[in-house]
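Read off the chains here:
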Amino acid sequence: MTTTIPTAKAAPPTNVPSAAPARSASAARRRSTPLTIAMLAALAYFLLPLFWLLIASTKSTQDLFNSFGLWFSHTPQLLTNVKETFTQDDGVFVHWLLNTVVYAGVSAIGAALLAAAGGYGFAKFRFRGDRAAFNLVLGAVMVPATALAIPTYLLFAKAGLVNTPWAIILPSLVNPFGLYLMRVYAQDAVPDSLLEAARIDGAGEARIFGTIVLRLLAPGLVTVLLFTLVATWNNYFLPLIMLNDPNLYPITVGLSSWAAQAQNGGAGASSDMLALVVTGSLISILPLVVAFLMLQRYWQSGLAAGGVKQ
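The structure reproduced in this document is the subject of the present report.

### Description of the overall build of the protein chain
So, point 1. If you tally the helices and strands in the protein chain, you get 15 helices and zero strands.
So, point 2. A burial count over the protein chain gives 35% of its 310 residues as buried.
So, point 3. Within the protein chain, counting contacts between residues at least 6 apart in sequence, those at least 24 apart form 73% of the total.
So, point 4. For the protein chain, the accessible area works out to roughly 19200 Å², and carbon and sulfur atoms hold 67% of it.

What follows is the structure, encoded as structure tokens:
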């Protein structure tokens, strides 16, 4: 009789340290010095002009040329500059500011709604020529706005809209990039099953868009609104060629006229006109900063639209 002796299997070592966690920890602790330097340089590039503008707004015209640009003068006068900016030329700066708010606000809201409607249509409806139309929109993104300024002026001159607020608002309503962004966002943000359920319940397309789609497109909508708001607020060339009435000027063209008076010593120019231009520039960016801070959680998610394919 043959007896078989079982062979003992060697147990795997249990105390051998794993190299993977060590590598992950070292990778997490690793810092890229060139990347850090590049980020600090980018931060300085964006923040230094704002810092200079804040410092310069506290100086008189003489101190702007006689003191160090990145530090305060011996006699800061921010409040004096702000008061003189709002009272110069019978308070015309307030009028320019209100004009800019109207132009930018109406344009931003209108452009966002039109982009949402167009993007939703391209994303969820199929019709003859939809691809060609969308490719045309993509091509319009590549055309610079300045190239369209003169044709737009000639068109509005024929329509009798030159030197009116509509000459600024109507061109700003067309936003090809906003339409493209909303189309990409609506593709995933609006489920087809939800639309079908609403149609089965008897809802019309206008009601579906107004009560369901706009809520789902809110992040992308705010993103387009902010982009259009900034573009219209900072627009200079279009108002310059469309408007010749100083009472209709936005803040960009108004401050440019003050700067021209300061350089040429024209009528209405004062010794501190250049300081008022700098202070007015600081005041003009504050609404944009507030708008971005209040709506940042919406537009950040809107910018990520289409970044991950579901």
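Alright, that's what it looks like, and here's the rest.
### A short note on the pattern of salt bridges
So, point 1. For the coordinates displayed, the defined rule picks out three salt bridges.
So, point 2. One salt bridge in this structure joins Arg 199 and Glu 196, with 3.2 Å as the shortest N-O distance. Of this pair, Arg 199 and Glu 196 are both found in helix H10 (residues 192-200), three residues apart, which corresponds to roughly one turn of the helix.
So, point 3. Judged by its relative accessible area of 44%, Glu 196 is partly exposed.
So, point 4. Ionic pairing is found between Glu 205 and Arg 199, a salt bridge with its closest N-O pair at 2.7 Å.
So, point 5. A relative accessible area of 37% means that Glu 205 is categorised as partly exposed.
So, point 6. One network of salt bridges, with partners in common, ties together Glu 196, Arg 199 and Glu 205.

### Concerning the packing of aromatic side chains
So, point 1. One pass over the structure, following the stated rule, counts eleven aromatic pairs.
So, point 2. Centre to centre, the rings of Phe 86 and Phe 93 are 5.4 Å apart; their planes meet at 85°, and the pair counts as edge-to-face.
So, point 3. Ring pairs connect the aromatic residues Phe 86, Phe 93, Trp 96 and Trp 258, which therefore count as one cluster.
So, point 4. Above the ring of Phe 134, the side-chain terminus of Arg 183 is found at 4.8 Å from the ring centroid.

### Considering the environment of Gln 77
So, point 1. With respect to the helices and strands, the residue Gln 77 is situated in the loop between helix H3 (61-66) and helix H4 (78-87).
So, point 2. Spatially, the C-alpha atom of Gln 77 lies 5.9 Å from that of Lys 59, the residues being 18 residues apart in sequence.
So, point 3. Residues within four places of Gln 77 in sequence aside, it is in contact with Ser 57, Thr 58, Lys 59, Ser 60 and Asp 272.

### What to know about the environment of Tyr 120
So, point 1. In this fold, Tyr 120 is placed in helix H5 (residues 92-124).
So, point 2. Taking the C-alpha atoms as reference points, Tyr 120 and Leu 214, separated by 94 residues in sequence, lie 9.4 Å from one another.
So, point 3. Ignoring anything within four residues of it in the chain, the contact list for Tyr 120 reads Phe 125, Ala 186, Val 190, Leu 195, Arg 199, Glu 205, Ile 208, Phe 209 and Val 213.

### With respect to the packing of H5 against helix H11 (residues 205-216)
So, point 1. Relative to each other, H5 and H11 sit at 110°, their axes nearing to 12 Å. It follows from the interaxial angle that H5 and H11 lie roughly perpendicular. Helix-helix and strand crossings are classified by hand; for H5 and H11 the assignment is right-handed. Together, Leu 113, Ala 116, Ala 117 and Tyr 120 of H5 and Glu 205, Ile 208, Phe 209, Val 213 and Leu 214 of H11 make up the contact between the two elements.
So, point 2. Grouping the amino acids of the contact of H5 with H11 by side-chain chemistry returns eight nonpolar, no polar and one charged.

### A look at H11
So, point 1. Of the residues making up H11, those classed as buried are Ile 208, Phe 209, Val 213 and Leu 214. Buried positions in H11, seen along its axis, are confined to an arc of 150° and lie on one side of it. Exposed and oriented more than 90 degrees from the buried face of H11 are Arg 207 and Arg 215.
So, point 2. Residues of H11 that are buried make contact with H5, H10 and helix H12 (218-233).

Definitions and limits used
- Residues numbered from 1 in each chain as written.
- Predicted model: local features only at pLDDT ≥ 70, side-chain atom pairs only at ≥ 80, totals over all residues.
- Heavy atoms only, no water.
- Helix = DSSP H or I, 4+ residues; strand = E, 2+ residues; numbered from the N terminus.
- Buried < 20%, exposed > 50% of the residue type's maximum accessible area, 1.4 Å probe, protein only.
- Contact = heavy atoms within 4.5 Å.
- Areas by Shrake-Rupley, 256 points an atom, 1.4 Å probe, with all protein chains shown as cover.
- Salt bridge = Lys/Arg side-chain N within 4 Å of Asp/Glu carboxyl O.
- Phe/Tyr/Trp six-rings, centres within 6.5 Å; stacked < 30°, edge-to-face > 60°.
- Lys NZ or Arg CZ within 6 Å of the ring centre and 35° of its normal.
- Axes fitted to C-alpha atoms, helices over the stretch in contact; angles between N-to-C directions.
- Parallel < 35°, antiparallel > 145°, perpendicular 65-115°, else oblique.
- Left-handed = near helix turned anticlockwise from the far one by under 90°.
- Nonpolar A, V, L, I, M, F, W, Y, C, P; charged D, E, K, R; others polar.
- Arc of directions from axis to C-beta.

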